[in-house]
Amino acid sequence: MSRAAVPGLPSRYPIGGQLPALYADDDLAQRFTAGLDTVLAPVFSTLDNLPAYLDPRIAPADFLAWLASWVGATDDRAWPLEVRREAVVRAVELHRWRGTRRGLVEALGLALGAHAEVTGDGGAAWSRTPGAGLPPAPAAQILVRVWPGRAERIDPDRAQEIVRAMCPVHTVCRVEILPGPPAGEGR
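Residues numbered from 1 in each chain as written. Predicted model: local features only at pLDDT ≥ 70, side-chain atom pairs only at ≥ 80, totals over all residues. Heavy atoms only, no water.

Participant: Hey, could you run me through the environment of L178 in this one?
Facilitator: The residue L178 is located in the segment after strand 3 (172-177) in this model. Separated by 37 residues in the primary sequence, L178 and Q141 have C-alpha atoms spaced 19 Å apart. For L178, the contacting residues outside a window of four places in its chain are R145, V146, W147 and P148. (Helix = DSSP H or I, 4+ residues; strand = E, 2+ residues; numbered from the N terminus. Contact = heavy atoms within 4.5 Å.)

Participant: How do you make sense of the packing of aromatic side chains when you look at a structure like this?
Facilitator: Within a pair of aromatic rings, the relevant descriptors are the distance that separates the centres and the angle that separates the planes. Inspection of the entire model under this criterion finds four aromatic pairs. Between the aromatic rings of Y13 and F44, the centroid separation amounts to 5.4 Å while the plane-to-plane angle is 80 degrees, which identifies the pairing as edge-to-face. Note that Y13 is positioned in the segment before helix 1 (27-48) and F44 in helix 1, a separation of 31 residues in sequence. What makes F44 partly exposed here is its relative accessible area of 26%. Through a chain of ring-to-ring contacts, the aromatic side chains of Y53, F63, W66 and W70 assemble into a single cluster. (Phe/Tyr/Trp six-rings, centres within 6.5 Å; stacked < 30°, edge-to-face > 60°. Buried < 20%, exposed > 50% of the residue type's maximum accessible area, 1.4 Å probe, protein only.)

Okay, structure coming up:
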């Protein structure tokens, strides 16, 4: 979308009407300022609507990449426009949950339209009893099961890429793509 000259866009603030009375009937001055009005009308229109440009839910589509860069969101042009908008809206929330089960499930749901289940703790173990012996070593692998939600099919490479980006760097994550919910799941 171009924000340059928009044919027929009237200026809300015509310059000719703001000139001193001496120039009100001057044809040259009125035609000259009318030309300036044509050039400035899109600028005034953009400034008058600035809050709409900064709200990812209603901003022009070409502004989404710019807004996404402000909040560190992924702006994948292959995604539908509404998913791109939602990614920008929820970016701060997803950053807050990065590295957690919830963050991983939310990211997969947003980006792929998929449901996910995360099992394993990534090798973390602790005891609530002071002075107790060390707990047994946990399995250091996380299993991420992904199955279709709003999407009919899950791209395994894209799912792996999202899991790699959202899992803590010290963990090993294995991704399984399922045709439907795991046994016992009613999702």
